[in-house]
Amino acid sequence: MADVVARGVRFNVVRLGTDAPRLVLIHGLVMDSHASYYLSIAPALARHGGVLLYDLRGHGRSEQPPTGYTMADMVADLWGILDALELAATPVVLVGNSYGGQIAMRAAGERPGRVRALVLIDPQSGIPDFTQQLGEILAVEPEERDRRAYELFARWLAEHAGARDPAAPGERAEERRSETIDDVMRHRKQRRSPGVRTAVGLARDTTLVADLARESPITDAEVARIRCPVLAVYGERSELRQDEERFRRLLPQLEVAVVPGMGHTVLLEAPNPLRDAIVGWLSRQAS
């Protein structure tokens, strides 16, 4: 592991493989970090080319500044890290999971010459219901705001995780939602988990909540600016598959893979089929 300073923020960065990085892996929000890749598909991908992983600002072991959590900041951070590593002239494959998929899409549309291809793992193009609730939370008193914001993050995570269960999905999702929130709030009180402490800090001590509340979903025009090859991998039961038809219409070089029986947590729960889909697609792109 190494630290890279970009845009005045210290980022935790990991490189895997012996070659120069050709794949850059971008994780999701709040209770996520580069470890979700490191413990799943990153080692296998590194056998097919150099891999770069990093923790988003405020996440994992990266510095947690009080401000700068807009989508524009996240994209600028990506370019800043690559520039600091002297990779500005090297077109890369961006691999984005969940919110990281939206970062990857916006980056590819903004600087197409620097992105050779995209791999989107159950990507978010926007979370309007989530951001609307965040906006409502901002109006309450600080102590209550912190509690409600953190519960909202936990509930959203639990709902996505619960979507994967093929047996009585509604019942099971409700059970998981309750278990996850209770567990998360207990850890919040006792400060036992570094991941929970990081998430609490994001909700309490940074502008993340306010910044997310102001974000808009990625538009058709923004998606249409992406001209590189794109692989989108969805969990069969993920609610985010609602974007699949729109992406098929707007992305001329799109290929879609669906992992049976999975919800939004396909990266952690189905790493082998996900790895095979990505490696196979990358091999076809190289041929």
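Please read these numbers as outputs of a predicted model, since none were measured by experiment.

Student: Mind laying out the nonpolar core, listing which residues take part and the relevant values?
Tutor: One finds Leu-94 and Leu-118 to be the most contacted residues of the largest nonpolar core, which totals 49 residues. For this core, the element with the most residues is helix H3 (residues 71-84), which contributes seven residues. Setting aside residues no more than four positions away along its own chain, Leu-94 makes contact with Val-24, Ile-26, Leu-78, Ala-104, Ala-107, Val-115, Ala-117, Leu-118 and Val-119.

Student: Residues and numbers for unusual backbone geometry, please.
Tutor: The phi dihedral of Glu-86 is positive, around 60°, even though this residue is not glycine. Within the secondary structure layout, Glu-86 lies in the loop between H3 and strand S5 (92-97). In this structure, Ser-98 is a non-glycine residue whose phi angle is positive, near 55°. Mapped onto the fold, Ser-98 is located in the loop between S5 and helix H4 (99-110).

Student: Please give an account of H3 that cites residues and values.
Tutor: Taking 1.5 Å per residue as the helical rise, H3 with its 14 residues ought to reach 20 Å, and the 20 Å between its terminal C-alpha atoms agrees with that figure. With ten of its 14 residues buried, H3 lies for the most part within the structure. Listing the buried residues of H3 in full gives Met-71, Asp-73, Met-74, Val-75, Asp-77, Leu-78, Trp-79, Gly-80, Ile-81 and Leu-82. Glu-86 lies just past H3 and shows a positive phi near 60°.

Student: I'd like a description of the environment of Leu-240, backed by residues and values.
Tutor: For Leu-240, the position within the fold is in the loop between strand S7 (230-235) and helix H11 (244-250). Leu-240 sits 142 residues away from Ser-98 along the chain, and the two C-alpha atoms are 9.0 Å apart. Leu-240 has contacts with Asp-122, Pro-123, Gln-124, Tyr-234 and His-264, leaving out every residue within four places of it along the chain.

Student: Talk me through the sheet that holds S5; I want residue IDs and the actual numbers.
Tutor: Spatially, eight strands are ordered S1-S2-S4-S3-S5-S6-S7-S8 in an open sheet, and the strand pairing comes out mixed. Each edge of the open sheet is held by one strand with a lone partner, namely strand S1 (2-6) and strand S8 (254-259). For this sheet the average axis-to-axis angle between neighbouring strands, irrespective of direction, equals 25°. Pairing geometry for S7 and S8, over six bridges, is parallel.

Rules used in this analysis
- Residues numbered from 1 in each chain as written.
- Predicted model: local features only at pLDDT ≥ 70, side-chain atom pairs only at ≥ 80, totals over all residues.
- Heavy atoms only, no water.
- Core = buried A, V, L, I, M, F, W, Y, C linked by side-chain atoms within 4.5 Å.
- Buried < 20%, exposed > 50% of the residue type's maximum accessible area, 1.4 Å probe, protein only.
- Helix = DSSP H or I, 4+ residues; strand = E, 2+ residues; numbered from the N terminus.
- Contact = heavy atoms within 4.5 Å.
- Expected span 1.5 Å × (residues − 1).
- Pairing = 2+ DSSP bridges.
- Axes fitted to C-alpha atoms, helices over the stretch in contact; angles between N-to-C directions.

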